[in-house]
Amino acid sequence: MSAFSALKTIPSHPIAGGHRRRSSPFLSSLTNTAPTGHQLHSSAAISVSLSHSVIAPGRPVRAVSANVVSEEKQLDGSAFPVISREEALDLYEDMVLGRTFEDMCAQMYYRGKMFGFVHLYNGQEAVSTGFIRLLTDGDSVVSTYRDHVHALSKGVPARAVMAELFGKATGCCRGQGGSMHMFSREHNLIGGFAFIGEGIPVATGAAFSSKYRREVLKEACDDVTVAFFGDGTCNNGQFFECLNMAALWKLPIVFVVENNLWAIGMSHIRATSDPEIWKKGPPFGMPGVHVDGMDVLKVREVAKEAVGRARRGEGPTLVECETYRFRGHSLADPDELRNPAEKSRYTSRDPITALKKYVIEHGLVAESELKAIDKKIDDLVEEAVEFADSSPPPPRSQLLENVFADPKGFGIGPDGKYRCEDPGFTQGTAQV
Amino acid sequence: MDSNPRVCVMGEDVGHYGGSYKVTKGLATKFGDLRVLDTPIAENSFTGMGIGAAMTGLRPVIEGMNMGFLLLAFNQISNNCGMLHYTSGGQFTIPVVIRGPGGVGRQLGAEHSQRLESYFQSIPGLQMVACSTPYNAKGLMKAAIRSENPVVLFEHVLLYNLKERIPDEEYVLCLEEAEMVRPGEHVTILTYSRMRYHVMQAAKTLVNKGYDPEVIDIRSLKPFDLHAIGNSIKKTHRVLIVEECMRTGGIGASLRSAIIDNFWDYLDAPIMCLSSQDVPTPYAGTLEEWTVVQPAQIVTAVEQLCK
């Protein structure tokens, strides 16, 4: 049974802080994440792909967080945590890595080591950590230009990402991609895309490959693809086209919307006729789920179900994570339009602070251990900067190397030999 | 598709319908609905899907039902197909073939009569070939599928009815080579796709008038086979380019530049280029005829060149 049927109970132990103290960041976030997601919309279509006998026709699809709210009364006081100690440490470390790395990027940018468009992820760490730490090495992640932290969560070493940002030859893309184009074959990170929406079809293709390998090549393949993108992208054609194809062919993909309410200076509400993005899943035949994206434990629970669905071959899921970026759209954005009150409402829900509080209160981890992780990450990021700084920039000979996988594509020269066979070619030009 | 199970086809109506020009007829019955995938009408997304599939190990052949529809896929073809191998630092290859019928047909109207080779030619990382005979269609298709590079293969709406005896066995042609159609001494005529037939028709007239044209089907639109082209120019010293794309920013424009850059000293006359008119292809038959280069114009051009 899927998490998204009306009767699914998030298991009776409490999600994210069984405390009923109002001051708990998790609980207050539950009740404060209006206006989206909690409303039960009787108009939501029951899609044919949801094969739940328990949903009577006409019953609305309920968002997971709505379930949790309604279950709140049943939570008993003797909470036991939903994650183990090891998981807690892993989640904490991953989020701190993301935050520390991005803060360092800002510093390095203003010191003139990093250039161009740099989009930082501060505040959204719960989404990256919540989803990606559940994935296997074989699973794929497709991201957007706000991709540094997705890369780190997926396992790309910090030094490779930093060197890429510095434009050095030791970067994960040899300095050729930059901030907006992080790729790693080894870790199955398939971009890094500058245009919004253009990564979603690529993600759909990766999921198609997975299904093809299982059904045509008869391999035991259950790799899942997770596609991350923002609220602005959800008004773009490629989003809808891919929702259709993914549901049509039951592709093993999870569409994760990081709704941080702003597309540069365009508020999501001003750009979207119906701002509740999760509702756009069921019309295409997949569950649509809304989750509090500032709470890594909630994201993780939703992710488990969505990824599990995909892995079992039940098809795609659309997950809308309500989140927020603490910084501007990019380091060049003066960020003048956002209301300071809105910002502080979200900074008080900082996912790292929240998790820290949770694990300490549940006795999972001691504060000193968390501090040790903080220090470890600081050192790691410092080392990454040193590595990037001391790495060489790409040489001239690198300019033409990766234009073609097969350099015969540069053609045959006047002398009858392939132009790439000329030893001086890499110092020359790429024109035909 | 028999020899490599990772080769698959995707596009509109390629499966059950067999393709709008029956290119993929029978394949879905033989290989199944997943290997010959009927897609919804979403060019940008299914082209991107093919690219993502290629990056993760498959070898898709993506069909544009009409090449003109691939204008909707320009985002994916330019940004992802052409560039991702480079942007990823060489980590991901994109061995796709993007193919489909294009060119000016019989009164199909402006939007179904487009020649996208000129629009795609600036995209780095892409190879472009145009087939023109059943023989080179088979050989180039096989080469394109085997290539690790993304290849755009231009077919022509009016050439699907050609019949020719071709070898049953496997053969692969070279993607980067041009094809010598008719050796000659007086003038080099460079052409591709359907215009090859107009050129050969003009050649008959020219031969009767005592000229000896050398006709080369360049086949590889990007990159150009500078060796075959150069050898011809060194022999004849006169060049006429006959193309179906529009004059402005067309293949001929690039070819002229390349010839001037490389073979200036061998030219005895300015390079002539006959292209289609820079107009949206009209519906009316008479107007459409005046849009593309006709054999009579080719004859006149050669006579002028050889004066």
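The structure displayed is predicted, hence computed values, not measured ones. (Residues numbered from 1 in each chain as written. Chains lettered and ligands numbered in written order. Predicted model: local features only at pLDDT ≥ 70, side-chain atom pairs only at ≥ 80, totals over all residues. Heavy atoms only, no water.)

> Describe the packing of helix α3 (residues 85–110) of chain A against helix α6 (residues 158–165) of chain A, with residues and values.
If you want to describe how two helices pack, look at the angle between their axes and the distance between the axes. All names here are of chain A. It is the contact of α3 with α6, at a shortest axis distance of 12 Å, that shows an interaxial angle of 25 degrees. Taken as axis vectors, α3 and α6 run roughly parallel relative to one another. Handedness of the crossing formed by α3 with α6: right-handed. Side by side, α3 and α6 meet where F101, M104 and C105 of the first sit next to A158, V161, M162 and L165 of the second. Here the contact of α3 with α6 is built from residues that sort into seven nonpolar, no polar and no charged. (Axes fitted to C-alpha atoms, helices over the stretch in contact; angles between N-to-C directions. Helix = DSSP H or I, 4+ residues; strand = E, 2+ residues; numbered from the N terminus. Parallel < 35°, antiparallel > 145°, perpendicular 65-115°, else oblique. Left-handed = near helix turned anticlockwise from the far one by under 90°. Contact = heavy atoms within 4.5 Å. Nonpolar A, V, L, I, M, F, W, Y, C, P; charged D, E, K, R; others polar.)

> Account for the state of the cysteines, with residues named and values stated.
Throughout this description, disulfide means a covalent bond between two cysteine sulfur atoms. Within the structure shown, the criterion is met by zero disulfides over all chains. Here C420(A) stays free of any disulfide, with the sulfur of C174(B) as its closest cysteine sulfur at 11 Å. With a relative accessible area of 26%, C420(A) lands in the partly exposed category. Cysteine C81(B) is unpaired, with the sulfur of C8(B) as its nearest cysteine sulfur at 14 Å. (Disulfide = S-S within 2.5 Å. Buried < 20%, exposed > 50% of the residue type's maximum accessible area, 1.4 Å probe, protein only.)

> Residues and numbers for the sheet that holds strand β9 (residues 213–217) of chain B, please.
All names here are of chain B. Spatial ordering of the open sheet is given by β7-β9-β8-β11-β12, a layout of five strands whose pairing is mixed. Two strands bound the open sheet, and with one partner strand each, they are β7 (179–182) and β12 (272–276). Pairwise comparison of adjacent strand axes, ignoring direction, gives a mean angle of 25 degrees for this sheet. (Pairing = 2+ DSSP bridges.)

> Describe the interface of chain A and chain B, listing the residues and the values that go with them.
Counting from both sides, the interface comprises 52 residues of chain A and, opposite them, 52 residues of chain B. Its salt-bridge partner being R6(B), residue E219(A) comes within 3.3 Å of it at the nearest N-O pair. Taken together, the links from chain A to chain B amount to 25 residue pairs in polar contact (both at pLDDT 80 or more). Contributing elements (two or more residues each) for the side of chain A that touches chain B: β2 (183–184), β3 (189–190), α7 (199–215) and α8 (237–248) of chain A. When residues of the side of chain A that touches chain B are assigned to their parent elements, the largest contribution, 11 residues, is made by α7(A). (Salt bridge = Lys/Arg side-chain N within 4 Å of Asp/Glu carboxyl O. Polar contact = N/O pair within 3.5 Å; in protein donor to acceptor, adjacent residues only side chain to side chain.)

> Would you mind going over the UniProt feature "domain: Dehydrogenase E1 component" (unreviewed entry) in chain A in detail, with residue names and values included?
The sites that UniProt annotates as "domain: Dehydrogenase E1 component" (unreviewed entry) are residues 94–394 of chain A. Across residues 94–394 of chain A, helical content stands at 44% and strand content at 12%; the span's end C-alpha atoms are separated by 30 Å. (UniProt positions renumbered as here; feature names shortened; annotations may be inferred.)

> Lay out unusual backbone geometry in plain terms, naming residues and giving numbers.
Of note, the amide linkage connecting G191(A) to G192(A) takes the cis form, showing an omega dihedral of 0 degrees. Tracing the sequence through the fold places G192(A) in the loop between β3 and α7. Looking along the chain, the bond that leaves K222(B) and enters P223(B) is cis, with omega of 5 degrees. Positionally, P223(B) belongs in the loop between β10 (220–222) and α8 (226–236). Of note in this structure, R174(A) is not a glycine but carries a positive phi near 60 degrees. Checked against the element boundaries, R174(A) lands in the loop between α6 and β2. Under the relative-accessibility criterion, R174(A) is labelled partly exposed at 24%. Although it is not a glycine, R219(B) sits at a positive phi angle of roughly 55 degrees. When you line up the elements, R219(B) lands in the loop between β9 and β10.

> Before we move on, could you go through the nonpolar core and cite the residues and values that matter?
Counting residues in hydrophobic clusters, the biggest one holds 150 residues, and the most contacted among them are I83(A), F131(A), M162(A), F208(A), F255(A), F120(B) and I259(B). By residue number, the principal contributor to this core is α3(A), which donates 12 residues. Core analysis: the second largest hydrophobic core is formed by 20 residues, A28(B), V97(B), L140(B) and V151(B) among them. (Core = buried A, V, L, I, M, F, W, Y, C linked by side-chain atoms within 4.5 Å.)

> Give a detailed account of the packing of helix α2 (residues 43–55) of chain B against helix α3 (residues 74–82) of chain B, specifying residues and quantitative values.
Residue and element names in this part refer to chain B. At a minimum axis distance of 8 Å, the contact between α2 and α3 shows a crossing angle of 25 degrees. Comparing the axis directions of α2 and α3 gives the class roughly parallel. Every residue of α3 that contacts α2 at N44, T47, G48 and I51 is listed here: F74, N75, Q76, I77, N80 and C81.

> Run through the packing of aromatic side chains, naming residues and quoting values.
Counted according to the given criterion, the structure contains 15 aromatic pairs over all chains. With a centroid separation of 5.2 Å and an interplanar angle of 55 degrees, the aromatic rings of F74(B) and F120(B) are classed as tilted. Taken as a pair, F74(B) in helix α3 and F120(B) in helix α5 (residues 117–120) lie far apart in primary sequence, 46 residues in all. Exposure remark for F74(B): the relative accessible area of 26% places this residue in the partly exposed category. With relative accessibility at 0%, the residue F120(B) sits in the buried group. Among the aromatic side chains, those forming a connected cluster through ring pairs are F229(A), F239(A), F240(A), F255(A) and F284(A). A cation over a ring is seen here: K22(B) above Y17(B), with NZ or CZ 4.0 Å from the ring centre. (Phe/Tyr/Trp six-rings, centres within 6.5 Å; stacked < 30°, edge-to-face > 60°. Lys NZ or Arg CZ within 6 Å of the ring centre and 35° of its normal.)

> Tell me about the side chain of N66(B), and name the residues and values.
All names here are of chain B. On the secondary structure map, N66 appears in the loop between β3 (59–63) and α3. Here N66 falls in the buried class, since its relative accessible area comes to 3%. Within polar-contact distance, the side chain of N66 engages the backbone nitrogen of G68 at 2.9 Å. If we skip the residues at most four places from it in the chain, N66 touches P101, H112 and V157.

> Just give me the short version of the sheet that holds strand β6 (residues 151–156) of chain B, but keep the residues and values in it.
Sheet strands associate in pairs through backbone hydrogen bonding, adopting either a parallel or an antiparallel arrangement. Residues and elements named next belong to chain B. With respect to topology, seven strands assemble into an open sheet ordered β2-β1-β3-β4-β6-β5-β10, the strand pairing being mixed. Edge positions in the open sheet fall to β2 (36–38) and β10, since each of these has one partner strand only. The sheet shows a mean angle of 20 degrees between the axes of neighbouring strands, direction not considered. As judged from the four bridges shared by strand β1 (residues 7–11) and β3, these two strands associate in the parallel manner. Across the sheet, the residue bridging to C8 is P60, located in β3.

> Mind laying out the confidence of the model for chain A, listing which residues take part and the relevant values?
Fine structural detail should not be taken from predicted coordinates in areas where pLDDT scores are low. Across chain A, the average pLDDT comes to 84, with 80% of residues at or above 70. Note on residues 1–78 of chain A: pLDDT under 50 across the span, and 131 contacts to partners over four residues away in sequence or across chains. (pLDDT = per-residue confidence, 0-100.)

> Break down the pairing of β6(B) for me, citing the residues and quoting the values.
Residue and element names in this part refer to chain B. Judged by how many residues are buried, β6 sits mostly within the fold: six of six residues are covered. Where burial is concerned, the two faces of β6 agree: the one with V151, L153 and E155 and the one with V152, F154 and H156 are both buried. Note that strand β4 (residues 97–102) and β6 share six bridges and pair parallel. In the sheet register, I98 faces β6, and the bridge partner there is V152. Note that strand β5 (residues 127–130) and β6 share four bridges and pair parallel. Looking across to β6, one finds that A130 is bridged to F154. After leaving β5, the chain enters helix α6 (residues 134–146) and then returns to the sheet as β6, a path that is right-handed. (Right-handed = clockwise from strand over helix to strand, strands pointing away.)

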